[in-house]
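Residue strings, one per chain:
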Amino acid sequence: MTSALPYALIATDLDGTLLRAGDTVSPRSYASLARARAAGARHVVVTGRPVPQVRHVLDGLGYAGLAVCGQGAQLYDAGEGRMLSSTALDRELAEVALGKIEAEIGEVYAAVDRDGVGGAMVMAPGYRMQHPHLPVVRARGRAELWTEPILKVLLQHPRLDDDELTRVARQVVGHLVNVTMAGEHTVELQPPGVTKASGLSLVAGALGLSPSSTIAFGDMPNDIPMFAWSGHGVAMANAHPELRAVADEITLSNEADGIAVVLERLYA
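Treat the numbers as computed from the prediction; the structure is a model and nothing was measured.

Draft legend 1. The arrangement of the pairing of strand 10 (residues 178-183) in detail. Two strands pair when backbone bridges link them, and strand 10 and strand 11 (residues 186-190) are joined in this way by five bridges, in the antiparallel orientation. When the bridges of strand 11 are listed, V179 appears paired with L189. Counted between consecutive antiparallel strands, the loop separating strand 10 from strand 11 contains two residues, among which H185 sits at a positive phi close to 60°.

As structure tokens, then:
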């Protein structure tokens, strides 16, 4: 990083951050990222979505670099269409964790993201998909969730809100799995130690860049580890209060081109 380059690495979440409604990126945001890249910065997508649910977005961006997907579990080379690394969640451990949570708060609705470049999202009865335009497989029963390797378990509760479900899950199984809130009605169980920060650190290491040279943008509590790792964390105006509380800066919302506002200032 030269003295003229404020941050050499720009890490952006997608949903609620870079993306607007309908999985679109505004021309202004696209142009601001292009300007930053022209100045010498590198852009890395860091998303909770697994690879199969994000490839169309990367293609639309003309993105050919490394992407951190699946909440940090997957490192994907978009240019080559190749998975570089993937950390699966042990299915027996996932079942045990789910059982402990249900013993505490009653039935939860569950889904899983299967591992692999073509891994499907499989939903057990009751689970509601928050992105209806993305492909899913509807299981007839919960046993079908565990038939193939998985990246994570997604949880919803018929009565508890996201914050309360996250709190209870962490209290009950936080010693077994990583529990995070990734979006509205999206509480997730991941392999221990897997976060957006762990994935981003792999990319930065491959590029020879440091945490202090990284600026990160996000909107949900699953972005907190990434903010803690990065030199500067920018929360969107629409961000969850937990992320806003630890952010170094708050910008406009995703719909109001909050990322572009910051990048235009930094890479003028």
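Draft legend 2. Local environment of the pattern of salt bridges. Summed over the entire model, instances satisfying the criterion amount to 13 salt bridges. Between E264 and R28 there is a salt bridge; the shortest N-O distance is 2.7 Å. You can see E264 sitting in helix 9 (residues 258-266) and its partner R28 sitting in helix 2 (residues 27-38), a full 236 residues away along the chain. The partner of E249 in a salt bridge is R265, with the nearest N and O atoms 2.8 Å apart. One end of the pair, E249, is in strand 14 (residues 249-250); the other, R265, is in helix 9, with 16 residues separating them in the sequence. Residue E249 is classed as buried on the basis of its relative accessible area of 17%. Each of D13, K196 and D223 takes part in salt bridges that share partners, so that together they form one network.

Draft legend 3. Summary view of the side chain of Q190. Following the sequence through the fold, Q190 ends up in strand 11. Looking at Q190, its side chain comes within polar contact range of the main-chain oxygen of V194, at 3.2 Å. In contact with Q190, not counting residues within four places along its chain, are G70, Q71, L89, L151, K152, V177, N178 and T180.

Draft legend 4. Inspection of the sheet that holds strand 11 at higher detail. As summarised here, the arrangement of the six strands in space is 8-7-6-9-11-10, forming an open sheet in which the pairing is mixed. One side of each edge strand has no neighbouring strand; the edge strands of this open sheet are strand 8 (137-138) and strand 10. The pairing of strand 6 (residues 109-114) with strand 9 (residues 150-156) spans six bridges and is antiparallel. Its bridge partner being in strand 9, R114 is matched across the sheet by I150. Each of strand 6, strand 9 and strand 11 is contacted by helix 4 (residues 91-105), which is oriented at about 15° to strand 9, the strand it contacts most. Running at roughly 165° to strand 10, helix 5 (residues 162-173) makes contact with strand 9, strand 10 and strand 11 of the sheet.

Cut-off values and rules
- Residues numbered from 1 in each chain as written.
- Predicted model: local features only at pLDDT ≥ 70, side-chain atom pairs only at ≥ 80, totals over all residues.
- Heavy atoms only, no water.
- Pairing = 2+ DSSP bridges.
- Helix = DSSP H or I, 4+ residues; strand = E, 2+ residues; numbered from the N terminus.
- Salt bridge = Lys/Arg side-chain N within 4 Å of Asp/Glu carboxyl O.
- Buried < 20%, exposed > 50% of the residue type's maximum accessible area, 1.4 Å probe, protein only.
- Polar contact = N/O pair within 3.5 Å; in protein donor to acceptor, adjacent residues only side chain to side chain.
- Contact = heavy atoms within 4.5 Å.
- Axes fitted to C-alpha atoms, helices over the stretch in contact; angles between N-to-C directions.

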